[in-house]
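As a plain string of letters, each chain reads:
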2 protein chains.
Amino acid sequence: MPYDPSAFPPFAVTVDLVVLTVRRHALCALAVRRGEAPFQGRWALPGGFVRADEDLAQAAARELAEETGLRAHEPAAPVQDNGAHLEQLATYGDPERDPRMRVVSVAHLALAPDLPAPRAGGDASNARWAPVEELLQRGGHARDGEPVAPLAFDHAQILADGVERARSKIEYSSLATAFCPSEFTVGELRRVYEAVWGVALDPRNFHRKVTGTPGFLVPTGGTTTRQGGRPAQLFRAGGATLLNPPMLRPEV
Amino acid sequence: MPYDPSAFPPFAVTVDLVVLTVRRHALCALAVRRGEAPFQGRWALPGGFVRADEDLAQAAARELAEETGLRAHEPAAPVQDNGAHLEQLATYGDPERDPRMRVVSVAHLALAPDLPAPRAGGDASNARWAPVEELLQRGGHARDGEPVAPLAFDHAQILADGVERARSKIEYSSLATAFCPSEFTVGELRRVYEAVWGVALDPRNFHRKVTGTPGFLVPTGGTTTRQGGRPAQLFRAGGATLLNPPMLRPEV
DNA sequence: GATCATAGTCGTCTGCCTGACGATAAACAC
DNA sequence: GTGTTTATCGTCAGGCAGACGACTATGATC
């Protein structure tokens, strides 16, 4: 296989973002409305071209900041401030995935706490948080009756892969805290798991598990009643990133 | 963020392969010797450009066949014949990773049973199976005393990521059978785990675990004494792809 | 052929973890 | 105060893994 550096087919390389958050007990993803063909007017994942002098992670962090204002954390750093967790998801390169040209998209997964409001270059009407189940159903209607077209390009597949990554990764890591504000209660963390997995968990067993795992949660000393009921202890994410043994999803 | 389809920086897109196998109780990776600059004469992972009309998985499968003669399995299909498991690993796109031009490499991970002999376009002297620990040590010397240079480009990082993926994935999936021939014994499967993880496992507990997991192993009825000792039952990989509960690596 | 080394297979026991669920505690709404 | 909500602590039984004993069936060696 002789090698000729000048004889390679040129590709466009983009990053697409699966930005997930938990709003009102539902796992939601950030979607932006496309302003041009192809798929004009349809919803898509945010993303854009990788610049000539930019690393893939840098490009993803830049796009994330442009779309949400969020800063990205360093990959291995614990979740501390209001930044988002950002990691590479997978790369999609079907020759037909973009009708205009050959585009390879390096999808990234971002997990963020509930945010005030999305912004897409300042235009809020062209960006929204939508429940992932609504974005993933093929056609059909949202809860408010508005008809929903499938996501543009292969973004439904990318979103599905990102959701599955998030669902599986909170099993064996402390990543679920990325969905929470810097201080949170055990109940709030449990509701994150319930929203991401779409199941109900036993509050008592969940409490035992997360408080019994060394390094997972660090009590701040404060309490809150923002969820109603008896005051709950506030915690911060601890240094542990891996949960061993993992917290397995209920079978079904 | 105005969009101009003609104004994107061109990238070269390649696939690089982390091909792993188990030889003589050691986890080994396929390495090829570079014939040209940069890194001329150094060992590298096999790989090549993605063609203009080719999917990423197709390109990886083609490179795998060119380098080893192996056919790749469909992602979700159980391991049956002597083909290899192939899956996307991660994508590497640092602007400086190739001094000649901007190259984004979509690395893939392949797991194969022990093979007769490597071939690199027919030239066996430029391809070899090397223990991953030898390829990953920075400089230093192989066991035969020959000095070893680090892998070319960022291939040490890619290899390390691929090894870690394999190590973690055999915990919760039946992927370890991809390292075995179509029929194998429990002891042979155990030696795969031991080589990949670099630990010793209790034969009795391992036997109980793998034979007790429904769908993991299917007895063929035959026996073999190719490992010496008492004849062992032969098994084939069952339909189950996920191990639940997983088989966790020993802590140490 | 007896003995030994090797590898495979079946059991036992103990401790840890989880799921199911009872009970109590501390806030707020009325 | 009563009821409602949420948090937190306990109890108990079953499942599973680690440690390890015992037995089996081969080939190798004397």
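Before going into details, it helps to say that this report is about the structure given with it. (Residues numbered from 1 in each chain as written. Chains lettered and ligands numbered in written order. Predicted model: local features only at pLDDT ≥ 70, side-chain atom pairs only at ≥ 80, totals over all residues. Heavy atoms only, no water.)

1. Remarks on the protein's contact with DNA strand C
Rules: Residue proximity to a molecule or strand is established when one non-hydrogen atom of the residue lies within 4 Å of it. Under the rule applied, a polar contact is a pair of N or O atoms within 3.5 Å (in protein, one hydrogen donor and one hydrogen acceptor; residues adjacent in sequence only if both atoms are side-chain atoms). Strands are runs of DSSP state E lasting at least two residues, helices are runs of H or I lasting at least four, and both sets are numbered from the N terminus onward. The residue classification treats Ala, Val, Leu, Ile, Met, Phe, Trp, Tyr, Cys and Pro as nonpolar and Asp, Glu, Lys and Arg as charged. All others, Gly included, are polar.
Near DNA strand C, the surroundings consist of 22 residues, among which A:Arg204, A:Arg208, A:Lys209, B:Arg204 and B:Arg230 are the closest. The share of sugar and phosphate among atoms of DNA strand C within 4 Å of the protein is 49%. Between A:Lys209 and DNA strand C, the recorded distance is 2.7 Å, taken from a side-chain N or O atom to a phosphate oxygen. Among the elements of the structure, helix H5 (203-212) of chain A together with helix H4 (186-197), helix H5 (203-212) and strand S9 (232-237) of chain B are those that each provide at least two residues to the surface near DNA strand C. Ranked by residues supplied to the surface near DNA strand C, first place goes to H5(A) with four residues. Split into classes, the residues belonging to the surface near DNA strand C amount to four nonpolar, eight polar and 10 charged.

2. Side note on the interface of chain B and chain A
Stated precisely, the cut-off is as follows: We call two residues in contact whenever any of their non-hydrogen atoms come within 4.5 Å of each other. Put simply, buried area is how much 1.4 Å-probe accessible surface two parts lose in total, over both of them, once they are put together. Here, a salt bridge means any Lys or Arg side-chain nitrogen found within 4 Å of an Asp or Glu carboxyl oxygen.
At the junction of the two partners, chain B supplies 36 residues and chain A supplies 37 residues. The contact between chain B and chain A buries some 2,900 Å² in all, and 62% of this surface belongs to carbon and sulfur atoms. For the pair chain B and chain A, the number of links is zero salt bridges. There are 10 residue pairs in polar contact (both at pLDDT 80 or more) connecting chain B and chain A. Going through the elements one at a time, strand S1 (12-23), strand S4 (47-49), helix H1 (56-68), strand S5 (85-92) and strand S6 (103-111) of chain B are the ones with two or more residues in the side of chain B that touches chain A. In terms of residue count, the dominant contributor to the side of chain B that touches chain A is S5(B) (four residues). Per-class residue counts for the side of chain B that touches chain A are 20 nonpolar, five polar and 11 charged.

3. What about the packing of aromatic side chains?
Here is the rule we go by: Geometry of aromatic contacts follows a simple scheme: Phe, Tyr and Trp rings, the Trp one being its six-membered ring, pair when their centres are within 6.5 Å, and the pair is stacked under 30 degrees between planes, edge-to-face over 60, tilted otherwise.
For the coordinates displayed, the defined rule picks out eight aromatic pairs over all chains. Taking 5.7 Å as the distance between ring centres and 15 degrees as the angle between the ring planes, the aromatic pair formed by A:Phe8 and B:Phe49 counts as stacked. Note that A:Phe8 is positioned in the segment before strand S1 (12-23) and B:Phe49 in strand S4, a pairing that runs across two chains. With centroids separated by 5.4 Å and ring planes inclined at 65 degrees, the aromatic side chains of B:Tyr193 and B:Phe206 adopt a geometry described as edge-to-face.

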